[in-house]
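Given next are the chains, with one letter for each unit.
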Amino acid sequence: VQLQAYGGGLVQAGGSLRLSCVASGSSFSRYTMGWFRQAPGKEREFVATTFRSGNNKYYADSVKDRFTISRDTAKNTVYLQMNSLKPEDTAVYYCAATATAILSTVRVASAYNYWGQGTQVTVSS
């Protein structure tokens, strides 16, 4: 599966952005879809994930109640709605996919086999 992420940009603290990730080349419904981010000088970290059904979603504590992950099977797209953005949310955001996720590993980057190219999110104070 190929992943194309877009929607990043520059926003002031307290603002909102919606990231999109379009999947192509394979059956979208097979995959658990996740979002990760990587700030300069830091390791890539888990942000959110949605299992294949779209009913089970998990978030990093740092974004819970501010970010929402969703998927549209008809459009082969996963979204990350980001509200109440903070300067510490500044990072390159990556979407990822895996066909073999289990609950104990969905927060781990190495559990995902496919990655998009990343989209920059910058939050100014």
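My aim in this report is to walk through the structure given alongside it, one point at a time. (Residues numbered from 1 in each chain as written. Predicted model: local features only at pLDDT ≥ 70, side-chain atom pairs only at ≥ 80, totals over all residues. Heavy atoms only, no water.)

1. Quick word on the environment of S53
As for its placement among the helices and strands, S53 is situated in the loop between β5 (45-50) and β6 (57-59). Here the side chain of S53 touches N55 through a polar contact of 3.1 Å, landing on its backbone nitrogen. (Helix = DSSP H or I, 4+ residues; strand = E, 2+ residues; numbered from the N terminus. Polar contact = N/O pair within 3.5 Å; in protein donor to acceptor, adjacent residues only side chain to side chain.)

2. Some remarks on the environment of F51
Within the secondary structure, F51 sits in the loop between β5 and β6. Sequence separation of F51 and V106 is 55 residues, and the distance between their C-alpha atoms is 9.0 Å. Beyond its immediate chain neighbours, meaning those up to four positions away, F51 contacts T32, N56, Y58, R71, A101, I102, L103 and V106. (Contact = heavy atoms within 4.5 Å.)

3. A short note on the pattern of salt bridges
Counting across every chain of the model gives 4 salt bridges. Salt-bridge contacts for E45 lead to R37; the nearest nitrogen and oxygen are separated by 2.5 Å. On the accessibility criterion, E45 (36% relative accessible area) is partly exposed. The class of R37 is buried, set by a relative accessible area of 5%. Residue D89 is joined to R37 by a salt bridge in which the shortest nitrogen-to-oxygen separation is 2.9 Å. Of this pair, D89 sits in the loop between β8 (77-82) and β9 (91-98) while R37 sits in strand β4 (residues 32-38), placing them 52 residues apart in sequence. Neither residue differs from the other here; D89 and R37 are each classed as buried. A cluster of three or more residues bridged by salt bridges with shared partners is formed by R37, E45, R66 and D89. (Salt bridge = Lys/Arg side-chain N within 4 Å of Asp/Glu carboxyl O. Buried < 20%, exposed > 50% of the residue type's maximum accessible area, 1.4 Å probe, protein only.)

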